[in-house]
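# Working through the structure, step by step
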Amino acid sequence: MKRIISSVLALAMLFSVTTCSSGGTSSTSAAASKSGGSGPSTETVPTIDQIKLGTDYKDIKADLKFLTHKTDCVDSVFKNYIQEFQKLYPNINITYEGITDYEKELATRITTKDWGDICMIPAAITNKKDLATYFVPLGDQKTLADTYRFSDQWMYNGKSYGIASNGNAQGLVYNKKVWKEAGVTDLPKTPDEFLADLQKIKDKFGGKVVPLYTNFAAQWTMTAVSKLVEEAENKNGKSLDAIMEDWNQKWTKAQEKYKALS
């Protein structure tokens, strides 16, 4: 039963997207489908595209916990979310828990199977197979794609396990003038060429120009690089797991070089 409630809340949240939201994706806990013992199995519970918001399951009573990395919204925007949701489902109480070091803490808590009911899917989940371990499916991806954008972002075996609150455009920005003055006329096509070009910039300007700047403490910012690698190597027919394993090995070797150039 709690899985139904979580799905209803997840659906309601999709109609309350705000600019305060991050590029994260919300999903419901797999443990929620098992709580209570007597609730329906995941096979008999409707997916979010089958729920009529504000009409179905009006008699449900429950307490839900929503984990979020948006600590600045817990006492403001999210309070408004709760107020609007409880106009439709007054017997469902919602608590938002804001976590500062979200990625690190979720990596531990999510394995306990008692972390809460809904969360923003942590970026640390790189193996899509793990989605089925920690979360319940929100519905068939192709069906949800007719209504929700990026429904394939957290998809496994044709099922969507998370729906994006909004979308981010990621990439690399570079100073053409600096690169030209350093003698770099062609964009690098390999990691080795990229590192060599950064070294040219460092040598040219004698430390007055930073060759590479990243928000290194927040590892999610490097996903822009990993996405480029994924897209490039995926054209060669490699699986995502193989791509990420290869990338992790390359990144470990190159990490000290990047730090030296930053």
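One can find the structure itself at the top, above this paragraph.
Report follows, based on the coordinates. Treat the numbers as computed from the prediction; the structure is a model and nothing was measured. (Residues numbered from 1 in each chain as written. Predicted model: local features only at pLDDT ≥ 70, side-chain atom pairs only at ≥ 80, totals over all residues. Heavy atoms only, no water.)

Now for the side chain of Ser151. Among the structural elements, Ser151 can be located in the loop between α5 (141-144) and β6 (155-156). For Ser151, a relative accessible area of 2% puts it in the buried group. For Ser151, the side chain forms a polar contact with the side chain of Gln141, separated by 3.0 Å. Excluding residues that lie within four positions of it along the chain, Ser151 makes contacts with Gln141, Leu144, Ala145, Ser160 and Gly162. (Helix = DSSP H or I, 4+ residues; strand = E, 2+ residues; numbered from the N terminus. Buried < 20%, exposed > 50% of the residue type's maximum accessible area, 1.4 Å probe, protein only. Polar contact = N/O pair within 3.5 Å; in protein donor to acceptor, adjacent residues only side chain to side chain. Contact = heavy atoms within 4.5 Å.)

Note: strand β2 (residues 62-68) against strand β3 (residues 92-98), 7 bridges, orientation parallel. Among the inter-strand pairings, Phe66 is bridged to a residue of β3, identified as Tyr96. Once you follow β2 into helix α2 (residues 77-88) and on to β3, the crossover reads as right-handed. (Pairing = 2+ DSSP bridges. Right-handed = clockwise from strand over helix to strand, strands pointing away.)

Under the counting rule described, the total for this entry stands at 6 aromatic pairs. Relative to Tyr96, the ring of Phe78 lies with its centre 4.3 Å away and its plane at 15°, an arrangement referred to as stacked. In this pair, Phe78 is assigned in helix α2 and Tyr96 in strand β3, connecting sequence segments 18 residues apart. Phe78 gets classed as buried once you look at its relative accessible area, which sits at 6%. By relative accessible area, Tyr96 is classed as buried at 9%. Geometrically, the ring pair formed by Trp115 and Phe135 is edge-to-face, given 6.1 Å between the ring centres and 75° between the ring planes. (Phe/Tyr/Trp six-rings, centres within 6.5 Å; stacked < 30°, edge-to-face > 60°.)

A word on helix α3 (residues 102-109). Considered for burial, the residues of α3 that qualify are Tyr102, Leu106 and Arg109. Projected down its long axis, α3 carries its buried residues within an arc of 65°, all on one side. When the buried face of α3 is taken as reference, the exposed residues oriented beyond 90 degrees from it are Lys104 and Thr108. The inward-facing, buried residues of α3 contact β2, β3 and β4 (118-120). (Arc of directions from axis to C-beta.)

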